[in-house]
Amino acid sequence: MSNSLVRSAKWRPTALAAPPSKATRILAGPGSGAWASADGPMQPHMNAANAHQVVRSRFIQPPLEEVMDDAASNYPPRLSVTVGVASLPVHAALQEQLSFERLLSELSVAFISLAARDIDRAIDQALAQVVFALGIDRSTLNRLFPLTGRAEVTHSFAIEGVDPVPRFPSARETNPWALAKAMANESIVFSRLDDLPPEASVDKETWRRIGLKSHVMMPIVVAGQLHGTLNFGCVRSERSWSNHLVARMRLLAQIFGSALGRKRAQEELDLAIGFERLASSILASLVLTGPGEENHGIALGLRQIGEFIGAERVALWHRGVGIPFGLTQQWYADGFEGPAAEGKAVELPWVFSLLAGGSVVRIAHLSELPAEGQADAATLRQIGVRSLLAVPITVDGCIAGALTLASIELEHEWPDVLTPGVSLLAEVFANLHARDAAERRKMAAEVEAAHWREQLAHLVRVHTAGEMSVALAHEINQPLGAIENYALAARRCAKEAVPDVVRLCGLIDKVIGQATRAGDIVARMRSMVQRHELEPKLIDIGRAVDGCMSMVKTDCALRDINIGLGEEPPLPLVVIDEIHLQQVILNLLRNAMEAIEAAPPGGERDITVDLSLNERDEVVVQVADRGIGIAEGDLERIFESFYSTKSKGLGVGLAICRKLIEAHGGTLWAAHRDGGGAMLSFTLPTATS
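Residues numbered from 1 in each chain as written. Predicted model: local features only at pLDDT ≥ 70, side-chain atom pairs only at ≥ 80, totals over all residues. Heavy atoms only, no water.

(A) Broad picture of the overall build of the chain. Along its length, the chain carries 19 helices and 24 strands. Residues counted as buried form 45% of the 689 residues belonging to the chain. Long-range contacts, defined here as pairs at least 24 residues apart, represent 67% of the contacts in the chain between residues at least 6 apart. Carbon and sulfur atoms make up 55% of the accessible area of the chain, which totals about 34100 Å². (Helix = DSSP H or I, 4+ residues; strand = E, 2+ residues; numbered from the N terminus. Buried < 20%, exposed > 50% of the residue type's maximum accessible area, 1.4 Å probe, protein only. Contact = heavy atoms within 4.5 Å. Areas by Shrake-Rupley, 256 points an atom, 1.4 Å probe, with all protein chains shown as cover.)

As C-alpha cells, this is what we get:
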C-alpha cells in the first residue's frame, strides 16, 4: 500500500479550520492563487513543503507506523476489491468513501454560515482537504467564459512534486469537447485517456501533453448560469472513480456554486449600495451647480466614479444627428492620460456602432471581442485599455452620447448592478453638458445678434444723418458765416495805422470760438455715423438728452416747432453706450417732429421731453408731441421690423431703438397722449441698481 493511499484511508479531516498560521492565500484578483508565509511569498499553487504544513493544520495526522499497524490489524490485506484500474483493499475503499462523506458533510455545514469575504479562502482549504482525502494529485476550480472559451484558474491545490495546471489561451482551441460538455451542464469522468470518445481527440492531446492520466470535471452553475468547472485529476497514476464518488463530487461542485453565488450576490449588493451612495452624493452636488460651473461639476463626478469603480479613464461623449461620437470631457488618473488627453482621436467603430443602437458594451477581456470587434481590440491594446464599459446616453428617445469607463491596470467584469446607476449619472452629465452648451450657444448668438444690430443701427444713423442734412447745413452755416464776419473785421483792424491789439485779439478769439462750434457740430455727426464697438459707460442722462435736443434745435426752428425740456430732477447715472443712447433719443425726437409736420395746420407744435425716476429705481425718458398720434392697433406694431406709418420710412428705426434699449436692460413703449398726439417712453436701470 502506497504512503499516499494510507494517508487517504486514515487521516481524519476536522471541521473547516481557520486560516493556517503559517500559510495564507493572498487574494490579489481573479486568477491569483499566491500564498504567503512567515518567510515570504510562496508559489501560486500550494504544493511541496507548504502543502504539508497547511494540511497538518487541518487534519489529525497519526504517526505513519501507527496507521500501518492499524490497517494491518483491522483490514486483512488479502481481501480486496477491484475499482477501475487500481486494486484497493475493501477496507481502504470503504474508508476513502467514509472519509470523503464526512468531509463533504463538514464542508456543507461550514459553507452555509460562511461570510462572503471568507469564501475564497475556504475553497482553497477545501480543495486541499479533498486532494488528501481522495489521494489524488490536484484539484482546481476554473472560471469559464463561454462567449470566448477563456478559462481562468481561480483556486487550485496540488500535492508536492505536481505542477499546477498550466494556463491556456482559450478552451475553444485546447479543450473544445470539454467546453461543450460544461456549457451543456454535463460532467466528464475518465480513468484512462484511451477511454475518451473520438470527438474528444483535441482535448485528449491537450491532457496528454500536461501529463493528466485520470480526471473528473464537474460544471459549477451560479444563479442559473455556467460559472466554471471543478476538476479532480491524477498525473502520477491512473485511478477509477466510482459512481457514488462522482455523485458526491457533483454535490461538492453544487456546494461551491452556492457559496460562489452568495459571494457574488453579496459583492454585487455591496457594490450597488456603495454606488448608490456615490450617485446620490454626485447628484446632490450637481443640483447646487450654478450656471457656468457645469464643466467643473461633471469633471468632479467623472473622477468620483472612476475612483470608486477602479477605472483609470472616464470619458463623456457627445453625438449629434448625423455626427459621430466626439469626446466632450474626460477624467484620468495620474499617469494614465491616454491619447484623448494628447489631442488624438480614438477610433472604435464596433463599440460606437453598438452604442448608437442603444446597447451597453461590456468588455471584461479584450480576447472576448468577436471577429468584427478585432479592430477595436487592437486600438484598445494600443492605448493600454484592458477592460471597457460603455453606456449609451438617451435624451428624448435618441442616443445623444455615451459614458465610457476604461480600466488600465486590472481587468474588470463590470457587473450588471452598475449599469442603472452609471446610466443615470451619464444622462445627468449629458443634460448638464447640454445646458452648458446651450448657454454657450446663447451667448454666441447674443454676440452675433449684437454685431448685426450694431450694423443695422449704423445704417439707421447714416439714414438719420441724411434726413438731417438740411438742418445740419443750416446749423453749420451759422458759425461759418460768423467766422467770415469776424475775420473781415480783424483784417480791417489790422490795416489801421495803429492797430488796436486788444480788439484784434478779441476778434480772433471769436473766430476760434465759432470754428470750435462748427467742429463740434461735425464731430457730433461723425460720431453718429461712424462704426464703433459697443462701449457701455456711466452716462448723465440729462446731459445726453440736452445734447440731442441741441442737435435738432435748428431743424425744429426751420419747421416752426417748439422743443423744450420739462422739470429736470436730480437723477443717478445710467450705464449705456453713449452713441446708442444718442441714436434712440434722436430717433424719438425726429419721429415727434415728423408727426407734428403731418398733423392738420392750426394745432399745437410742441415737443416736450421729461425725465423722472420710477418706483423700480429706473430712469424714465418721455418724449411727447401733439402730432397726428398713433392708430389704436399700432402701439406695438410700430416696433416691428420693416413696418412704418410713413410713406418713405424704412420701418426699422423704432425696432432698432427697442433692441438697443433692451440690450441695456431697459424697455421702450408707446402710448396715446391725452388731448392728442403720442408719447414714447423708455427706461434704463441706474448704475446703482
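(B) Seen up close, empty space enclosed by the protein. Within this structure, the stated rule accounts for five cavities of 30 Å³ or more. Estimated volume of the largest cavity: approximately 440 Å³. Lining the largest cavity are 28 residues, and of these Asn142, Val165, Asn175, Trp207 and Asn231 sit closest to its centre. Every element with two or more residues in the lining of the largest cavity is listed here: β8 (138-145), β9 (150-158), α6 (171-174), α7 (176-183), α8 (201-209), β11 (214-222) and β12 (225-234). Examining the composition of the lining of the largest cavity, we find that five residues originate from one element, β8, more than from any other. Tallied by class, the residues present in the lining of the largest cavity amount to 15 nonpolar, 10 polar and three charged. (1 Å grid on protein atoms, 1.4 Å probe; cavity = no way out; pocket = protein on both sides within 12 Å on 5 of 7 lines; lining within 4 Å. Points joined across faces, edges and corners; volume = space filled by probe spheres on them. Nonpolar A, V, L, I, M, F, W, Y, C, P; charged D, E, K, R; others polar.)

(C) Representation of the sheet that holds strand β23 (residues 668-672). Pairing in this open sheet of five strands is mixed, and the strands run β19-β21-β22-β24-β23 from one edge to the other. Every interior strand has two partners, whereas the edge strands, β19 (562-565) and β23, have only one. When the angles between neighbouring strand axes are averaged without regard to direction, this sheet yields 15°. Pairing geometry for β23 and strand β24 (residues 678-685), over five bridges, is antiparallel. Across the sheet, the residue bridging to histidine 672 is alanine 678, located in β24. In the packing of helix α17 (residues 541-559) onto the sheet, contacts are made with β19, β21 (606-613), β22 (618-625) and β24, and the angle to β19 comes to roughly 170°. (Pairing = 2+ DSSP bridges. Axes fitted to C-alpha atoms, helices over the stretch in contact; angles between N-to-C directions.)

(D) Local environment of the confidence of the model for the chain. On average, residues of the chain score 76 in pLDDT, and 73% of them reach the 70 mark or higher. In the predicted structure, residues 1-87 sits below a pLDDT of 50 and forms 153 contacts with residues beyond four places in sequence or in another chain. (pLDDT = per-residue confidence, 0-100.)

(E) Seen up close, a positive patch on the surface. Where like charges cluster on the molecular surface, the positive patch consists of Arg491, Arg492, Lys495, Arg503 and Lys510. Elements that contribute at least two residues to the positive patch include exactly α15 (469-495) and α16 (501-529). Element by element, the count of residues in the positive patch is highest for α15, at three residues. Locating lysine 495 in the fold gives a position in helix α15. (Patch = residues over 30% accessible without salt bridge, like charges linked within 9 Å, V, L, I, M, F, W, Y side chains within 5 Å. Salt bridge = Lys/Arg side-chain N within 4 Å of Asp/Glu carboxyl O. Lys, Arg positive; Asp, Glu negative; His and termini not counted. Charge placed at Lys NZ, Arg CZ, Asp CG, Glu CD.)

(F) Broad picture of the packing of helix α18 (residues 578-598) against helix α19 (residues 653-663). Remark: α18 packs on α19, axes separated minimally by 10 Å, with the N-to-C direction vectors making an angle of 145°. α19 is crossed by α18, and the crossing has left-handed handedness. Taken together, the residues of α19 that come into contact with α18 (itself represented by His580, Gln583, Val584, Asn587, Leu588 and Asn591) are Gly653, Leu654, Ile656, Cys657, Leu660 and Ile661. (Left-handed = near helix turned anticlockwise from the far one by under 90°.)

(G) Region of interest: the side chain of threonine 154. Relative to the elements of secondary structure, threonine 154 occurs in strand β9. Reaching out from threonine 154, the side chain makes a polar contact with the side chain of histidine 155 at a distance of 2.8 Å. (Polar contact = N/O pair within 3.5 Å; in protein donor to acceptor, adjacent residues only side chain to side chain.)

(H) Quick look at the packing of aromatic side chains. Under the definition given, this model contains six aromatic pairs. When the ring of phenylalanine 325 is compared with that of phenylalanine 352, the centres are 5.0 Å apart and the planes differ by 15°; the resulting orientation is stacked. Of the two residues, phenylalanine 325 is situated in the loop between β13 (313-318) and β14 (326-332) and phenylalanine 352 in helix α12 (residues 349-356); the sequence distance between them amounts to 27 residues. The two residues phenylalanine 325 and phenylalanine 352 agree in class, both being buried. Each residue in the set Trp317, Phe325 and Phe352 is aromatic and connected to the rest through ring pairs, giving one cluster. The lysine or arginine in question, arginine 239, covers the ring of tryptophan 241, its NZ or CZ lying 4.6 Å from the ring centre. Arginine 658 extends its terminal NZ or CZ atom over the ring of phenylalanine 639, reaching a point 4.0 Å from the ring centre. (Phe/Tyr/Trp six-rings, centres within 6.5 Å; stacked < 30°, edge-to-face > 60°. Lys NZ or Arg CZ within 6 Å of the ring centre and 35° of its normal.)

(I) Spatial organisation of unusual backbone geometry. Positive phi is not limited to glycine here, since aspartate 560 has a value of about 60°. For aspartate 560, a relative accessible area of 56% translates into the label exposed. Even without a glycine there, the phi angle at aspartate 617 is positive, about 60°. By the secondary structure assignment, aspartate 617 is in the loop between β21 and β22.

(J) Expanded view of the pattern of salt bridges. Under the defined criterion, the tally for this structure stands at 20 salt bridges. Here aspartate 137 and arginine 236 are joined by a salt bridge, their closest N and O atoms 2.6 Å apart. In this pair, aspartate 137 sits in the loop between α5 (119-134) and β8 while arginine 236 sits in the loop between β12 and α9 (243-287), placing the two residues 99 residues apart along the sequence. Accessibility expressed as a relative area gives 47% for arginine 236, which makes it partly exposed. Linking arginine 303 and glutamate 307 is a salt bridge whose minimum nitrogen-to-oxygen distance equals 3.1 Å. Of this pair, arginine 303 and glutamate 307 are both found in helix α10 (residues 294-309), four residues apart, which corresponds to roughly one turn of the helix. For arginine 303, a relative accessible area of 30% corresponds to the partly exposed category.

(K) Summary view of the packing of α7 against α8. Taken N-terminus to C-terminus, the directions of α7 and α8 make an angle of 110°; their axes are 6 Å apart at the nearest point. Put simply, α7 runs roughly perpendicular to α8. On α8, the residues touching Pro176, Trp177 and Ala178 of α7 are Val202, Asp203 and Trp207. Classifying every residue of the contact of α7 with α8 gives five nonpolar, no polar and one charged. (Parallel < 35°, antiparallel > 145°, perpendicular 65-115°, else oblique.)

(L) Examining α10 more closely. In this model α10 runs 23 Å from its N-terminal to its C-terminal C-alpha over 16 residues, within 8% of the 22 Å that 1.5 Å per residue would give. Among all positions in α10, only Glu294, Gly297, Ile298, Gly301, Leu302, Ile305, Gly306 and Ile309 are buried. Buried positions in α10, seen along its axis, are confined to an arc of 165° and lie on one side of it. Glycine 310 sits one or two residues past α10 and shows a positive phi near 90°. (Expected span 1.5 Å × (residues − 1). Arc of directions from axis to C-beta.)

(M) Region of interest: α8. Among all positions of α8, only Asp203, Lys204, Thr206 and Trp207 are buried. Each buried residue of α8 lies within a common arc of 165° when the element is viewed along its axis, so the set occupies one face. Elements in contact with the buried residues of α8: α6, α7, β10 (188-190) and β11. Positive backbone phi, approximately 85°, marks glycine 211, located one or two places after α8.

(N) Highlighting a nonpolar patch on the surface. Taken together, the side chains of Leu538, Leu573 and Val575 present a nonpolar region at the surface, about 250 Å² in accessible area. For valine 575, a relative accessible area of 37% translates into the label partly exposed.

(O) The nonpolar core, seen in detail. Of all hydrophobic cores here, the largest spans 55 residues; its most connected members are Phe111, Leu230 and Phe256. A total of 11 residues in this core trace back to one element, the largest contributor, which is α5. Setting aside chain neighbours within four positions, we find leucine 230 in contact with Leu127, Ser139, Thr140, Leu141, Val216, Met217, Met218, Ile220, Met249, Leu252, Ala253 and Phe256. In terms of nonpolar packing, the next biggest core, distinct from the first, is built from 50 residues, Val351, Ile383, Ala406 and Leu425 among them. (Core = buried A, V, L, I, M, F, W, Y, C linked by side-chain atoms within 4.5 Å.)

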